[in-house]
Every structure is written in C-alpha cells, then in structure tokens.
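Single-letter residue listing:
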Amino acid sequence: MRTPSLALSAAALSAIAAPALAADLAVSVEIPRLSVAAYHRPYVAVWIERPDQTAVRTLAVWYEVSNVAEGKDWLKDMRTWWRRGGRAMTMPADGISSATKAPGRHAVTVPGARLSNLPAGDYVMVVEAARELGGREAVRVPFRWGAANAGSASGSTELGAVRVTVTR
C-alpha cells in the first residue's frame, strides 16, 4: 500500500517531467501541383540538421515502394540527404519510409518520445524533393528544440510551403 507522501511525490515528479516528454515536432510539407507533360510524384526526404549542416536524424523518406528495388535506386537523386546520411540507411525503414505523395499538403508528426535524446538547442529542418524528369529542391527551416516555436519557408519549384512547429 502506498503512503500518501510517496503518492504525492510521484505525482509531483510526473508533473515536472511531463512537459519534457510532451514536446512534439510537426512538419507540414506542401507538394505543388505542376502543369507538365509527364508528371511524376517527387521523392521527398525530411531530416534534422545542426546549424553546421551535420545530419542528426531522418524523419521521413517518401519514395516508390511498389517496386522497392527500383525505388531505392533513385533515392540518391535527393543528393543532399543522400550525402548526409541517406546512403547509410537501409530501406524500407520502419516508421520513416513510405510511398510518394500526391500534390497537396502533407504532415510528418514526431512524438517527443521519439526525439527524447535530442538535446535542446538550435536545429534546421530540411525537406528535399527530387522528381523524375523534373528538378530538385531543398527547403531549410530553422527551429529550436526544447521550447515551443514555429518557423516556415517556401520552395519555388518542387516544394511549396514548409512549416515546422514545436509544441510543448
């Protein structure tokens, strides 16, 4: 049987620890509708970098999963992501990789528990897109992990608006 003081201590500790675990990271990525003769959905990688551009963690990779062998061959077209850590990953990656997305707004939500070992500080969210018979583009959005904040930036061709939100 618990004593009242022990129960109170546990409740107080969980109230203090809860905000640290409650931080979530949300990324909204817009894939624009393009008027081109042969449209192919873009491959997209979403990852976190430090301000010095060293990769911290890949959060999402959208690529052709219906033909996994062929789809993996084209991942290197996302050159920045590929060089910063993509080539070291094994695809498909559980909880990270999924099929390409149609034009529109898409969300990547990462629960704070998945980023619990990420120290508080300044980071950059990078979203890179590459499209067959199209272009390649990367959008960078600075954000601060450990405090509620938001930031956004827009691409000009392969990506539209990218928004990063850290909630507490």
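What this report covers is the structure whose coordinates are included nearby. (Residues numbered from 1 in each chain as written. Predicted model: local features only at pLDDT ≥ 70, side-chain atom pairs only at ≥ 80, totals over all residues. Heavy atoms only, no water.)

### Some thoughts on the nonpolar core
And then number 1: By size, the foremost hydrophobic cluster in this structure holds 27 residues, and its most contacted members are Leu-25, Ile-48, Leu-59, Met-125, Phe-143 and Trp-145.
And then number 2: Among the elements of the structure, strand S1 (24–31), strand S2 (43–49), strand S3 (55–63), strand S5 (104–110), strand S6 (121–130), strand S7 (136–145) and strand S9 (161–167) are those that each provide at least two residues to this core.
And then number 3: Setting aside chain neighbours within four positions, we find Ile-48 in contact with Leu-25, Thr-54, Ala-55, Val-56, Arg-57, Leu-59, Leu-115, Leu-118, Tyr-123, Val-124, Met-125 and Phe-143.
And then number 4: In this structure, Ala-45, Leu-75, Ile-96 and Val-126 belong to the second largest nonpolar core, which totals 14 residues. (Core = buried A, V, L, I, M, F, W, Y, C linked by side-chain atoms within 4.5 Å. Buried < 20%, exposed > 50% of the residue type's maximum accessible area, 1.4 Å probe, protein only. Helix = DSSP H or I, 4+ residues; strand = E, 2+ residues; numbered from the N terminus. Contact = heavy atoms within 4.5 Å.)

### Thoughts on unusual backbone geometry
And then number 1: Here the bond from Met-91 into Pro-92 is cis, since omega is -5 degrees, no more than 30 degrees from zero.
And then number 2: Unlike most non-glycine residues, Gln-53 shows phi in positive territory, near 70 degrees.
And then number 3: Looking at the secondary structure, you find Gln-53 in the loop between S2 and S3.
And then number 4: Accessibility expressed as a relative area gives 37% for Gln-53, which makes it partly exposed.

### What about the environment of Ser-156?
And then number 1: Here Ser-156 lies in the loop between strand S8 (149–154) and S9.
And then number 2: Along the backbone, Ser-156 and Val-139 are 17 residues apart, and their C-alpha atoms lie at a distance of 9.3 Å.

### Side note on the sheet that holds S1
And then number 1: If you trace the four strands from one edge of the open sheet to the other, you get S5-S1-S9-S8, paired in antiparallel fashion. Of all strands in the sheet, those bounded by a partner on one side alone are S5 and S8. For this sheet, the mean angle separating the axes of adjacent strands, direction not counted, is 10 degrees.
And then number 2: Here S1 runs beside S9; their pairing, made up of six bridges, is antiparallel. (Pairing = 2+ DSSP bridges. Axes fitted to C-alpha atoms, helices over the stretch in contact; angles between N-to-C directions.)

### Considering the sheet that holds S3
And then number 1: Pairing is mixed across the open sheet formed by five strands, whose spatial order is S4-S3-S2-S6-S7. Where the open sheet ends on each side, the last strands, each with one partner, are strand S4 (97–99) and S7. Recorded for the sheet is a direction-independent mean angle of 15 degrees between the axes of neighbouring strands.

### Some thoughts on the side chain of Glu-49
And then number 1: As for its position among the elements, Glu-49 is in strand S2.
And then number 2: Assessed through its relative accessible area of 1%, Glu-49 is described here as buried.
And then number 3: Among all residues touching Glu-49, those that are not within four sequence positions of it are Thr-54, Ala-55, Val-56, Arg-84, Tyr-123, Val-124, Val-126 and Arg-140.

### Considering the pairing of S1
And then number 1: Here S1 pairs with S5 via seven bridges, running antiparallel. Each bridged residue has a counterpart across the sheet, and for Ile-31 the counterpart in S5 is Gly-104.

### A closer look at the side chain of Thr-58
And then number 1: For Thr-58, the location among the structural elements is in strand S3.
And then number 2: With a relative accessible area of 13%, Thr-58 lands in the buried category.
And then number 3: Of the polar contacts made by the side chain of Thr-58, one reaches the side chain of Trp-81; its length is 3.1 Å.
And then number 4: Excluding residues that lie within four positions of it along the chain, Thr-58 makes contacts with Val-46, Trp-47, Trp-81, Met-89, Ile-96 and Arg-114. (Polar contact = N/O pair within 3.5 Å; in protein donor to acceptor, adjacent residues only side chain to side chain.)

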